[in-house]
Amino acid sequence: MWNKIDSANEGLLDLDRITLLMKSLNIKLSRNEIKSALKQSNISKSSLVNFDTFERFYSSLRFRPEIAELFSNLCLTNPQYLTFNEFYTFVCETQQMGWDKLRCEEIFQKFLDSDTNGMDIEHFTIFLISSRNNVFRKTCMEVYQDMDRPLCDYFINSSHNTYLLGDQIVSESSVEGYIRALQKGCRCVELDCWDGPNLQPVIYHGRTLTSKIFFKDAIETICKYAFVSCSTPLILSFEMHCSLEQQNIIARMLINTFGDSLLAEPVAGYPLNLLPSPNLLKNKVLIKCKYPDTIYDEQQDSGDDTKVSTTPIEGVILKRPSLLSLRRPPSSESNENCDVVRPKTKTFQISKSLSKLIPYLRGTPSKGLETLTSDLQFNHLFSFTEGKATTFMQKQLDTYKQLTSANLLRVYPSILRVTSSNYDPLPYWINGTQMVALNFQTFDRSMELNKALFEDNGGCGFVLKPSKLSKPRRIRIDVISAQQIQQTIANPSDSIKAVVTIETFGHEVDNLKFKTTTKKSNGFNPLWKEHFEFQIQYPDFCFMRFQLVDVDPPFTNAQCFGSYTIRLSCLMPGYRHIPLNDRMGERLGFSTVFVKISFSE
């Protein structure tokens, strides 16, 4: 970094260039603040600084009094360094790492000061911010749950209209949507299929102005990225609007593209009345599609096609409507609980060749809450809008839970969410919904929760539903400090008013929120030393969200610098640095919140 700023190799930097170098190291102090800090530290009174002087100045700025205080309390033998026994006591009792002495000795040696044969404060600080002291429980970073249970026993990471990069009306459709979702651990992607030109099926959001992509390009991309992030089964959720002819083309493309990875028949030797497990379906692609009671056989010429009332099928690609027609309000008969705003009900047909590729995930129309569970087969799968699912839970919660205990259920956003916003997934998860499909292109609170849930169990996209309720737990969070807050264009000023908010989400009784007092700071290292206590009734399904906020930025409302959401069962106790993510869910390099976490019954 120094050589990049000192491009002329002069060996000296003035205040302007030191300020620039500091910003590249994410220390965003103004020129006057750096000048004042140099003067107060007695490191240099000159306006020109060489590398050695800068190195000492940078180290002085990185000094953290809160860690110095903790270090001093731990150093019982010598105030200058931690002995191995002191370090071992700290990681076992306070941090609750679960390391044996051999493992602890190995870590201690990596952070050892060779001159003192102990761990000095600089190396102790490095340990605290290292991945070895991660706030995320290490066992949760691996697949640790029972993966031999039926698919209906798991939450499945699911995407809605995966191909869209923006809103639901005029945005771009792209294979990039599938790449991003699969790289984030999504295990159920959606394909809206329509008849395309020259017998080439296309994917797009029907009856809108969104662009189109060829089905062939989509599945070739999916095939390439299907098992890069994990080996758990991948579900292709079809919304089929194609003619029988192009359905046959789709079937051939699926077979040719995925080959042996495509699950086209029931698992050999497995019970025929039970959904298979993720372990049995490793590296397999499953097709989910609407499935009528009987199948259209193309070889029959009787013309008496089997029919079932479902979503309307046009058979050919439709002309895109004008924006004016898209804005036309729906009829009084339509509402959020309808799957689509549809004209008169038409018939759905599925080709025999495509139906052969759907042994397990057979989309089944619901004819009403009263008859939903009658004649229910293990391979029946239901898809509801968020509104329809909410109504179902409100009217017949026991039936809803009964349904999700034995069958797969997918919930997806209302058609009114034209901006690709997301609904709250928690009520659906809490009541057993396995496939809560969200708009992955919009990273909002709902997607933060989704990311937190599916980071558990090794990020494999399948998380076992809680089987029993655990005892209530009390959690104490000591908010100590924040580090290197990322200043934004909205707030380029030298001073910010920082607040840390901590929220819990889960069952309604566990939805709690606390926030610290406001600290005016330059954003480098604001200090709080405040604590909060959370009494959580259902810790098995609860999430904690940390946010760092500027409550008084110029010319705008409160500005969130970064946030982090984690499932409570993945949260480690002890002194931890909470990583912060930006608005797109990407990690902010050096920005953290330093906390102490304590659990008790």
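Before any of the text, the structure's been laid out above.
Everything numeric in this text was worked out from a predicted model, so none of it was measured.

Draft legend 1. Spotlight on empty space enclosed by the protein. The final tally for this structure, using the stated rule, is two cavities of 30 Å³ or more. Those elements that provide at least two residues to the lining of the largest cavity are α17 (445-455) and β20 (559-567). Across the lining of the largest cavity, the residue classes tally to three nonpolar, three polar and three charged.

Draft legend 2. Representation of the packing of aromatic side chains. If you walk through the whole model with that rule in mind, you get 27 aromatic pairs. Where F382 meets F384, the ring centres are 6.4 Å apart and the plane angle is 35°; that geometry is what we call tilted. For F384, a relative accessible area of 1% corresponds to the buried category. Relative to F532, the ring of F514 has its centre 5.7 Å away and its plane inclined at 25°; by these criteria the two rings are stacked. Taken as a pair, F514 in strand β16 (residues 512-515) and F532 in strand β18 (residues 527-536) lie far apart in primary sequence, 18 residues in all. Judged by its relative accessible area of 29%, F514 falls in the partly exposed class. A relative accessible area of 12% means that F532 is categorised as buried. A connected cluster of aromatic rings, assembled from ring pairs, spans F84, F87, Y88, F108, F111 and F127. Its guanidinium or amino end placed over the ring of W99, R103 lies 5.6 Å from that ring's centre, counting from NZ or CZ. Directly above the ring of F348 sits K290, whose terminal nitrogen or CZ lies 5.7 Å from the centroid.

Draft legend 3. View of the packing of helix α14 (residues 386-395) against helix α15 (residues 397-406). Axis separation between α14 and α15 bottoms out at 5 Å; the angle between their running directions is 120°. Counting all contacts with α14, which are made through A389, F392, M393 and K395, the residues of α15 involved are L397, T399, Y400 and L403. Taken together, the residues of the contact of α14 with α15 break down into six nonpolar, one polar and one charged.

Draft legend 4. Examining the packing of helix α2 (residues 15-24) against helix α4 (residues 51-62) more closely. Where α2 contacts α4, the axes come no closer than 13 Å and their chain directions differ by 50°. Taken together, the axis directions place α2 and α4 in an arrangement best described as oblique. Every pair of crossing elements has a handedness; the one defined by α2 and α4 is right-handed. Contacts between α2 and α4 involve I18, L21 and M22 from the former and F54, F57, Y58 and L61 from the latter. Along the lines of polarity and charge, the residues of the contact of α2 with α4 split into seven nonpolar, no polar and no charged.

Scoring rules and cut-offs
Residues numbered from 1 in each chain as written. Predicted model: local features only at pLDDT ≥ 70, side-chain atom pairs only at ≥ 80, totals over all residues. Heavy atoms only, no water. 1 Å grid on protein atoms, 1.4 Å probe; cavity = no way out; pocket = protein on both sides within 12 Å on 5 of 7 lines; lining within 4 Å. Points joined across faces, edges and corners; volume = space filled by probe spheres on them. Helix = DSSP H or I, 4+ residues; strand = E, 2+ residues; numbered from the N terminus. Nonpolar A, V, L, I, M, F, W, Y, C, P; charged D, E, K, R; others polar. Phe/Tyr/Trp six-rings, centres within 6.5 Å; stacked < 30°, edge-to-face > 60°. Buried < 20%, exposed > 50% of the residue type's maximum accessible area, 1.4 Å probe, protein only. Lys NZ or Arg CZ within 6 Å of the ring centre and 35° of its normal. Axes fitted to C-alpha atoms, helices over the stretch in contact; angles between N-to-C directions. Contact = heavy atoms within 4.5 Å. Parallel < 35°, antiparallel > 145°, perpendicular 65-115°, else oblique. Left-handed = near helix turned anticlockwise from the far one by under 90°.

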